[in-house]
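Coordinate inspection notes
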Amino acid sequence: MTVHFIGAGPGDPDLITVKGRKLIEHCPVQLYAGSLVPEAVVAYAPKGALVVDTAPLTLDEIVAYMKTAHEKGQDVARVHSGDPSIYGAIAEQMRRLDALGIDYDVTPGVPAFAAAAALLKTELTLPEVSQTIIITRTEGKASPMPKGEELAALGASRATLAIHLSVRNIHLVVSELTPHYGADCPVVVVFRVGWPDAAVLRGTLGTIRDRVKASKITRTALIFVGRVFENDSFSESRLYHPGHQHILRPGQKAAAKKARTRAAAAGKESPVPE
């Protein structure tokens, strides 16, 4: 018996991995986070499966379902939104399973920030603009932020920020980041990415607070901050530049030498010295 932690993606049932869907199709017990995972994802469960929305449950109650399944020899699909490694609250579940001697594994999913970037048709890392993405959140009711991870400290890098669970703290986002990024820095708020009612708000650190307030969005939104959202004059990557050599695309001199060596090995000509 195994508990399978499965990343279901950000909301679109088609964004779950093939492996994740196959596990759901196999497991007789389905525990899914119904506040963020659509029922369509667990609709792939086998006929007669026990399907439980864990949104209203406590950790003890969730683990009790896993323990009962273990006693019955039934595999469990523990379905989380996005990718379970990011704000998935799976570490505490795995710690309980370790103590109980119950096997588990993890199947990754499409994280919300990646799905949002796809929706926006935006690359989050651009040459000479930003080569770093910071995934973070602001302090809320659930848990405090560790010392040194305050938004102002992270913002000093001026990297692309993907800020989760923080739309209610948009005033804090603006006040903490404006000194580092400038009031004209682009901000994009993506609401319920992957769901039919997904919405996008665009603005700057100087305007986004009022736009969020007017939209009445208070949850299930991701906040992007960074210059990658305004830049269409960035330098092209050296990766595909004709002057850039690497093992799969050697320079002309190296390619000619390689061709001569192959010809010589085939007996078509003698090696020609450099």
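Let us look at the structure shown here. Only a predicted model underlies this, so the values are computations on that prediction, with no experimental measurement involved.

1. Concerning helix α5 (residues 112–120)
- Along α5, the residues classified as buried are Phe113, Ala115, Ala116, Ala117 and Leu120.
- Buried residues in α5 make contact with β6 (133–137), β7 (160–164), β8 (186–191), β9 (199–204) and β10 (221–225).
- Phi turns positive, to about 55 degrees, at lysine 121, one or two residues after α5.

2. Looking at the sheet that holds strand β4 (residues 76–80)
- Across the sheet, which stays open at both edges, the 5 strands sit in the order β3-β2-β4-β1-β5 with parallel pairing between neighbours. This sheet does not close on itself; its edge strands, each paired only once, are β3 (50–53) and β5 (103–107). Neighbouring strand axes in the sheet, compared pairwise and without regard to direction, differ in orientation by 15 degrees on average.
- As paired strands, strand β1 (residues 2–7) and β4 are joined by 5 bridges and run parallel to one another. Following the sheet pairing, isoleucine 6 is matched in β4 by valine 79.
- Taken strand by strand, helix α3 (residues 59–72) contacts β1, β2 (29–32), β3 and β4, and its axis lies near 165 degrees from that of β2.

3. Notes on helix α7 (residues 170–181)
- All of the buried residues in α7 are Ile170, Val173, Val174, Leu177 and Tyr181. Around the axis of α7, the buried residues are gathered within 100 degrees of arc, so they sit on the same side.

4. Some points on the packing of α7 against helix α8 (residues 208–215)
- For the pair α7 and α8, the least separation of the axes is 9 Å and the interaxial angle reads 175 degrees. In terms of orientation, α7 and α8 fall into the roughly antiparallel class. Each of Ile170, His171 and Val174 in α7 lies in contact with α8, whose residues at this interface are Ile208, Arg209 and Val212.
- Partitioning the contact of α7 with α8 into residue classes produces 4 nonpolar, 1 polar and 1 charged.

5. Some thoughts on the pattern of salt bridges
- Enumeration according to the criterion identifies 5 salt bridges in this entry.
- Put simply, arginine 21 and aspartate 14 hold a salt bridge, and the shortest N to O gap is 3.7 Å.
- Given a relative accessible area of 60%, aspartate 14 falls into the exposed group.
- Here arginine 227 ties to glutamate 230 by a salt bridge, and the two come within 3.1 Å at their closest N and O atoms.
- With a relative accessible area of 43%, glutamate 230 lands in the partly exposed category.

6. Some thoughts on the layout of surface pockets
- Volume-wise, the largest pocket comes out at about 1,700 Å³.
- Ser35, Leu36, Ser81, Tyr87 and Leu165 are the residues nearest the centre of the largest pocket, which is lined by 49 residues in total.
- Grouping the constituent residues of the lining of the largest pocket by class yields 23 nonpolar, 16 polar and 10 charged.

7. Considerations on the packing of aromatic side chains
- Across all of its chains, the model carries 2 aromatic pairs by this definition.
- Centroid distance phenylalanine 5 to tyrosine 104: 6.1 Å. Interplanar angle 80 degrees. Geometry classified as edge-to-face. With phenylalanine 5 in strand β1 and tyrosine 104 in strand β5, the pair connects residues that are 99 residues apart, well separated along the chain.
- An angle of 35 degrees between the planes, with centres 5.3 Å apart, marks the rings of phenylalanine 224 and phenylalanine 229 as tilted.
- Among the residues examined, phenylalanine 224 registers a relative accessible area of 0% and is labelled buried.

8. Looking at the packing of α3 against helix α4 (residues 91–100)
- Where α3 meets α4, the axes come as close as 11 Å, and the angle between the chain directions of the two elements is 45 degrees. Taken together, α3 and α4 sit at an angle that is classed as oblique. Both α3 and α4 take part in a crossing whose hand is right-handed. The segment α3 lies against α4, with Leu59, Asp60, Ile62, Val63 and Met66 engaging Glu92, Gln93, Arg96, Leu97 and Leu100.
- Looking at the contact of α3 with α4 residue by residue, the classes come out as 6 nonpolar, 1 polar and 3 charged.

Basis of the calculations
- Residues numbered from 1 in each chain as written.
- Predicted model: local features only at pLDDT ≥ 70, side-chain atom pairs only at ≥ 80, totals over all residues.
- Heavy atoms only, no water.
- Buried < 20%, exposed > 50% of the residue type's maximum accessible area, 1.4 Å probe, protein only.
- Helix = DSSP H or I, 4+ residues; strand = E, 2+ residues; numbered from the N terminus.
- Contact = heavy atoms within 4.5 Å.
- Pairing = 2+ DSSP bridges.
- Axes fitted to C-alpha atoms, helices over the stretch in contact; angles between N-to-C directions.
- Arc of directions from axis to C-beta.
- Parallel < 35°, antiparallel > 145°, perpendicular 65-115°, else oblique.
- Nonpolar A, V, L, I, M, F, W, Y, C, P; charged D, E, K, R; others polar.
- Salt bridge = Lys/Arg side-chain N within 4 Å of Asp/Glu carboxyl O.
- 1 Å grid on protein atoms, 1.4 Å probe; cavity = no way out; pocket = protein on both sides within 12 Å on 5 of 7 lines; lining within 4 Å.
- Points joined across faces, edges and corners; volume = space filled by probe spheres on them.
- Phe/Tyr/Trp six-rings, centres within 6.5 Å; stacked < 30°, edge-to-face > 60°.
- Left-handed = near helix turned anticlockwise from the far one by under 90°.

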